[in-house]
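Structure at a glance
What follows is each chain in one-letter form.
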Amino acid sequence: MLTQTVDAILDCASEGADLSPEQGLILLEANHPKVTERLREVADKWRSRDCGDTVTYVINRNLNFTNICEQHCNFCAFRRDEGEAGAFWLGFEQILQKAKDAVERGATEICMQGGLNPKAQINGQFLPYYLQLVKTIKNEFPNLHLHAFSPQEVQFIARGDRLSYDVVIGSLRDAGVGSMPGTAAEVLDDRIRQVICPEKINTATWLEIVETAHSLGVPTTSTILCGHIETHQQQIAHLQKLRSLQQKAIDRNYPARITEFIALPFVGEQAPPSLRRRVGRDQPILTDSLRLMAVARIFLGNWIMNHQPSWVKLGLSGATEALKWGCNDIGGTLMEEHITTMAGATGGTCQTVKDLQQAIASVGRKPLQRDTLYSIIH
């Protein structure tokens, strides 16, 4: 009976219909090998319908300007206290040098995020410091796209300076921020957030900040931190919140939208021990990640077209396999990566353009370079 139910859902999905959360949950929980292969086939069909038979990538640099952070997330091995071994806080000149190196290596994007450093202020205020981060790069490289500052960082600035979210986002946009990373979402369920990131913004605040960004013309990405203590039901509820957020941006004719969805599997090798013990493993389970990405393509595909795996977390081979499960983008070169690598990921910290192109070609698809907002460059 369950197989018949799954077949009916996939038949419906094959026609391009939106899944209900109940249908999405059934697909996530049905793990019979024949069902899994049919799920993959349907997700791949959606990918081809939505995006064609090319796979995109972006030449970018990941720039984490500090790992000093006031919060203590239970999945994070990146954060440090000031003065602790391994703590760092880059100066503006160091940031400029990293941006210069990225441009010389062909980058069209800098992805900049950092810890919530209580001393990241100029004249006692946070916003001027963050604006200076932006101007340091944009004054020298005005054509470089700055994908910067998560909803959590926006809330940190707004709270510290007693400003509204729209003032913070508008100021960052006017200074040169081109788009906002949809990180800090983790799982958009406050019961889970109380366990894995109790000091972070709640679900409603994350959604409010991202919607505000869209209303002000700042595109965002979207993510899920998956494969730890969340349930399938909570995964689907997370996807439903993302879909509703995108539908709202469209219905209200906001000038910006969510550009992509990225599944970020939990890596726990160096994570704080309380969560690591509860999860019971150090590396992601590839099959679980692939299933979620396939369901996400079908569940979100009418609304969020671009889907990306994380080669940092899954390795390039795992990310390449995900191209058969609904993903149409393989991400960026990054040039350096600290947050996941410090958690114990084995995927590496950098990929060359040649590596990404060869991975794409290995599944019979054509590689195309894109910019941050998915306009094709080559």
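Definitions and cut-offs
By convention here, each chain's residues receive numbers from 1 onward along its written sequence. Thresholds applied to this predicted model are a pLDDT of at least 70 for local features of residues and 80 or more for the giving and counting of side-chain atom pairs; totals over whole chains, interfaces and linings are not thresholded and use all residues. Water and hydrogen atoms were dropped before computing side-chain values, which therefore reflect all heavy atoms in the structure. UniProt positions are given in the numbering used here, feature names are shortened, and annotations may be inferred rather than shown by experiment. Any pair of Phe, Tyr and Trp rings, taking the six-membered ring for Trp, is counted once the centres come within 6.5 Å. Such a pair is stacked with planes under 30 degrees apart, edge-to-face with planes over 60 apart, and tilted for the rest. Geometrically, a lysine NZ or arginine CZ counts as sitting over a ring once it is within 6 Å of the ring centre and also within 35 degrees of the ring normal. In DSSP terms, a helix is any run of H or I states spanning at least four residues, a strand is any run of E spanning at least two, and both are numbered starting from the N terminus. Residues count as neighbours in contact if any of their non-hydrogen atoms are within 4.5 Å of one another. Burial here depends on accessible area, computed with a 1.4 Å probe over protein chains only, as a share of the maximum for the residue type. Under 20% is buried, over 50% is exposed, and the range in between is partly exposed. For two strands to be treated as a pair, DSSP must find at least two bridges joining them. Every crossover in which the path from the first strand over the helix to the second runs clockwise, viewed with the strands pointing away from the viewer, is termed right-handed.

The name given to the chain in an unreviewed UniProt entry is 5-amino-6-(D-ribitylamino)uracil--L-tyrosine 4-hydroxyphenyl transferase, with the source organism recorded as Limnospira platensis NIES-46. According to UniProt, the comment filed for the chain under the heading Subunit (unreviewed entry) is "The FO synthase complex consists of two subunits, CofG and CofH." Check the Catalytic activity (unreviewed entry) section of the UniProt entry for the chain; it says "5-amino-6-(D-ribitylamino)uracil + L-tyrosine + S-adenosyl-L-methionine = 5-amino-5-(4-hydroxybenzyl)-6-(D-ribitylimino)-5,6-dihydrouracil + 2-iminoacetate + 5'-deoxyadenosine + L-methionine + H(+)".

Enumeration according to the criterion identifies nine aromatic pairs in this entry. One aromatic cluster in this structure is built from Phe 65, Trp 89, Phe 92, Tyr 129, Tyr 130 and Phe 149. Residue placement shows Arg 49 over the ring face of Trp 46; its charged tip is 4.2 Å from the ring centre. Lying over the aromatic face of Tyr 374, Arg 370 brings its terminal NZ or CZ to 4.0 Å of the ring centre.

Once that is clear, we can look at the UniProt feature "binding site: [4Fe-4S] cluster" (unreviewed entry) in the chain. Under the local residue numbering, the UniProt record ascribes the feature "binding site: [4Fe-4S] cluster" (unreviewed entry) to Cys 69, Cys 73 and Cys 76. In this fold, Cys 73 is placed in the loop between β2 (60-64) and α4 (92-104). Discounting chain neighbours no more than four positions away, the residues touching Cys 73 are Ile 196, Cys 197, Lys 200 and Pro 272. For Cys 76, the position within the fold is in the loop between β2 and α4.

Burial within strand β7 (residues 258-265) is extensive, with eight of its eight residues counted as buried. Pairing analysis gives six bridges linking strand β6 (residues 220-226) to β7, with the strands arranged parallel. Across the sheet, the residue bridging to Cys 226 is Pro 265, located in β7. Note on the crossover from β6 through helix α10 (residues 232-251) to β7: the handedness is right-handed. Sheet topology note: the β7/strand β8 (residues 306-308) ladder contains three bridges and is parallel. Among the inter-strand pairings, Ile 262 is bridged to a residue of β8, identified as Gln 308.

What follows concerns the pairing of β2. Note on strand geometry: in a regular strand, side chains alternate between the two faces of the sheet. With five of five residues buried, β2 lies mostly within the body of the structure. Alternating positions in β2 separate into two faces, Asn 60, Asn 62 and Asn 64 on one and Arg 61 and Leu 63 on the other, with burial throughout. Looking at chain direction, β2 and strand β3 (residues 109-113) are connected through five bridges and run parallel. Counterpart to Asn 64 in the pairing with β3 is Gln 113.

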